Amino acid sequence: MKVIRVPTMRRVIPLPASLWTIAALLVLVVLFYRDCTPRSPNDGSHWALARALAYDHTTTVDAQYSYTGGVDVSYCRGHYYSDRAPGTGLLGALFLYLRLPLGGVPALGALVAVLCSGLIVRRWCGLWPSLLTAAAVAFATLIWRYSHQFFSHAPAAGHVMAATYLALVVADRPRPERWRVLLCGWVVGYAMLVEYQLLLLTPLLGGYVLVRRWRRDRWVVWRVLWPGLVTWAVAAGLLALYQHVSFGSPWHTSYAYRLGWHEGQAFEGNILTGLQGLLAGMDTHPPGLLTLSPVLWLALWGAFLMRRHRRWPEIACCLGVFVAVLLVLAHHPSWNGATTQDTRYLVCIVGLAMLPLGLWIERYLLVPREAWARLCYEGLFYMLLLVSIGLNCHGLFYKYTFTTGLPGFPALVSFDPGELLFGVVAGTPFDRIFWLFLAFGAGAVLAHALWEAVRRARTKRSTSPQDSSADD
């Protein structure tokens, strides 16, 4: 007589998905938020505009001039103004009016960018790739660093990712909700108030939505999209009003009156030099995007997988926005007249560059493979991810310093990216933080492999029939 042993099932009490979501949001808020006192004339310029609007009820920063350091400031008709796009200052003034800390502005922007990146990838892939991609955007890019500073970069990243997600939803649904269309138009319009170059979102995302809906039903397209056009016009009118009150014309930006720089120099940079510095710079500060976040190499690999994906137009739209803004920034000179090679200007679009990572994860980590191949792919992914997190941990401080707080690991200061990434080739010693995260990556891979082996052994033992003798 054959006796089949039935494995006993453990009782699992499921937790609501909302509790996990709330817990994850609280963790991100704790990690992103920091008191945003001015640390340079750059964030001081935003700070001055926010205080001038909230306390002085004016757009002039004469009474707040000390925060600008006399550097990041515009001068027009006998008054000083912030030389930055006004969107971040307007958000800061709203937070001050509501008696909220200004640190909430960049923290909220970073939080929105992470959430929307996960939502976008969830449209293309499963839950696990979307969560890993969102984690990479949160901790393996410069978004983590600039969520702690009152710069415009984190709020701009939040607007770009939210505008992209809303545009994809509005273009895809046959009858999108009215509130989604209204919010999409407002976010796309307000993005250019946060950073001027994000005016590109209007033709790129707007054109994508119009083409997709026009192909579906050209006779009702305007009836569906007109609420978004109204809210976009309101945001554009707000920018025009600010520029008219401050500089006498709705067409004059703050750059036109910036001290020591003229708007006519906007596109005099060398585009090839700019691309080299922004993407692969080794001696720039911060380093190039692919240098500081090497996990983006896997995202670049994943971009080649989109041609067979059923939602390839959405993926192409996201990457098209990234490339367009990247080319504009690479062609733009920086404040000292040289070509822009400062990677922080890419914070607003780094989330878009990371999105194809979800395709790579679904293709190479979730497809059943041989044990050795699975171990290689997982080792490559976790190593690049954790090294990227380690490199961006340095950037949590303004001068790229990082203290481990562990015995035997002293303070690490002012690292050289070339030595950090390619020390073996150059024959120079690695930075200890690299070894620390490399060990974490190797430990994670080995622990996962051990867990997988144990799980397979238990499954095989519990499902295989066993013979046992019984009394006749």
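Residues numbered from 1 in each chain as written. Predicted model: local features only at pLDDT ≥ 70, side-chain atom pairs only at ≥ 80, totals over all residues. Heavy atoms only, no water.

**Quick look at the overall build of the chain**
The number of helices and strands found in the chain is 20 helices and four strands. Buried positions account for 51% of the 472 residues belonging to the chain. Taking the contacts inside the chain whose residues are at least 6 apart along the sequence as the reference set, 72% of them involve residues at least 24 apart. (Helix = DSSP H or I, 4+ residues; strand = E, 2+ residues; numbered from the N terminus. Buried < 20%, exposed > 50% of the residue type's maximum accessible area, 1.4 Å probe, protein only. Contact = heavy atoms within 4.5 Å.)

**Let's talk about a nonpolar patch on the surface**
Where nonpolar side chains cluster on the molecular surface, the patch consists of Trp-179, Leu-183, Trp-186, Trp-214, Trp-222, Trp-226, Leu-229, Val-230, Val-234, Leu-238, Leu-241 and Val-245 and spans about 1,200 Å² of accessible area. If you list the elements that add at least two residues to the nonpolar patch, you get α9 (178-194) and α11 (221-247). Element by element, the count of residues in the nonpolar patch is highest for α11, at eight residues. Tracing the chain through its elements places Trp-214 in helix α10 (residues 201-217). The exposure class of Trp-214 is partly exposed, given its relative accessible area of 36%. (Patch = residues over 30% accessible without salt bridge, like charges linked within 9 Å, V, L, I, M, F, W, Y side chains within 5 Å. Areas by Shrake-Rupley, 256 points an atom, 1.4 Å probe, with all protein chains shown as cover. Salt bridge = Lys/Arg side-chain N within 4 Å of Asp/Glu carboxyl O.)

**Focus: the environment of Trp-226**
Considering the arrangement of structural elements, one finds Trp-226 in helix α11. The exposure class of Trp-226 is partly exposed, given its relative accessible area of 44%. Taking C-alpha positions, Trp-226 is 9.8 Å from Arg-178, a pair spaced 48 residues apart along the chain.

**Concerning the side chain of Glu-195**
Inspection of the secondary structure assignment puts Glu-195 in the loop between α9 and α10. Separated by 2.7 Å, the side chains of Glu-195 and Gln-197 make a polar contact. Here Glu-195 is in contact with Ala-85, Ser-152, His-153, Ala-156 and Cys-348, once residues within four sequence places are set aside. (Polar contact = N/O pair within 3.5 Å; in protein donor to acceptor, adjacent residues only side chain to side chain.)

**Quick look at the packing of aromatic side chains**
Under the defined criterion, the tally for this structure stands at 18 aromatic pairs. Ring centres of Tyr-65 and Tyr-80 lie 4.5 Å apart, and the angle between their planes is 45°; this geometry places the pair in the tilted category. Here Tyr-65 is found in helix α3 (residues 65-68), whereas its partner Tyr-80 is found in strand β3 (residues 79-82), with 15 residues between them in sequence. Here the aromatic rings of Trp-360 and Phe-381 are separated by 6.2 Å at their centres, their planes lie at 25°, and the arrangement is stacked. Taken together, the positions of Trp-360 in helix α17 (residues 357-364) and Phe-381 in helix α18 (residues 371-394) put the pair 21 residues apart, joining distant regions of the chain. Assessed through its relative accessible area of 0%, Phe-381 is described here as buried. A network of ring pairs unites the aromatic residues Trp-301, Trp-360, Tyr-364, Tyr-377, Phe-381 and Tyr-382 as a single cluster. Geometry around Tyr-345 places Arg-344 over its ring, the cationic atom sitting 4.7 Å from the centre. The lysine or arginine in question, Arg-363, covers the ring of Tyr-364, its NZ or CZ lying 5.6 Å from the ring centre. (Phe/Tyr/Trp six-rings, centres within 6.5 Å; stacked < 30°, edge-to-face > 60°. Lys NZ or Arg CZ within 6 Å of the ring centre and 35° of its normal.)

**Topic: unusual backbone geometry**
A positive phi angle, near 55°, is found at His-57, a position not held by glycine. With respect to the helices, strands and loops of the structure, His-57 is situated in the loop between α2 (41-56) and α3. A residue is classified by how much of its surface remains accessible, and His-57, at 66% relative accessible area, is exposed. Non-glycine residue Arg-99 carries a positive phi angle of around 60°.

**With respect to the nonpolar core**
Residues Leu-201, Leu-352, Leu-357 and Phe-381 are the most contacted members of the largest nonpolar core, which totals 101 residues. Per-element tally for this core: the top contributor is helix α8 (residues 153-172), with 14 residues. Leu-352 has contacts with Val-160, Met-161, Thr-164, Cys-318, Leu-319, Val-321 and Phe-322, leaving out every residue within four places of it along the chain. Among the nonpolar cores identified, the runner-up in size contains ten residues, and Trp-47, Ala-50, Ala-54 and Leu-96 belong to it. (Core = buried A, V, L, I, M, F, W, Y, C linked by side-chain atoms within 4.5 Å.)

**Side note on the packing of helix α5 (residues 104-124) against helix α15 (residues 312-330)**
Axis angle and axis distance: for two packed helices, these are the angle between their axes and the distance between the axes, and together they describe the pair. Relative to each other, α5 and α15 sit at 150°, their axes nearing to 10 Å. Taken as axis vectors, α5 and α15 run roughly antiparallel relative to one another. Regarding α5 and α15, the two cross each other, and that crossing is left-handed. From α5, Ile-120, Arg-123 and Trp-124 reach across to α15, where they touch Glu-314, Ile-315 and Cys-318. Looking at the contact of α5 with α15 residue by residue, the classes come out as four nonpolar, no polar and two charged. (Axes fitted to C-alpha atoms, helices over the stretch in contact; angles between N-to-C directions. Parallel < 35°, antiparallel > 145°, perpendicular 65-115°, else oblique. Left-handed = near helix turned anticlockwise from the far one by under 90°. Nonpolar A, V, L, I, M, F, W, Y, C, P; charged D, E, K, R; others polar.)

**With respect to the confidence of the model for the chain**
Predicted coordinates in areas of low pLDDT are best not read in detail. Here the chain averages 78 in pLDDT, and 72% of its residues register 70 or above. Scored below 50 in pLDDT, residues 6-13 shows one contact in the model against residues more than four places distant or in partner chains. Predicted confidence for residues 467-472 stays below pLDDT 50, and this span has four contacts to residues more than four positions away or in other chains. (pLDDT = per-residue confidence, 0-100.)

**Observations concerning the pattern of salt bridges**
A full pass over the atoms with the stated rule returns ten salt bridges. A salt bridge links Asp-72 to Arg-258; the nearest nitrogen and oxygen atoms lie 3.2 Å apart. Pair noted here: Asp-72 is in the loop between α3 and β2 (73-76) and Arg-258 is in the loop between α11 and α12 (271-280), with a separation of 186 residues, a long-range link. No difference in accessibility class separates Asp-72 from Arg-258, as the two residues are buried. As a salt-bridge pair, Asp-83 and Arg-258 come within 2.9 Å of each other at their nearest N and O atoms. Linking Asp-83 in the loop between β3 and α4 (87-97) with Arg-258 in the loop between α11 and α12, this pair joins segments that are 175 residues apart in sequence. We note that Asp-83, like Arg-258, is buried. Several salt bridges share partner residues, and in doing so they unite Asp-72, Asp-83, Arg-84 and Arg-258 into one network.

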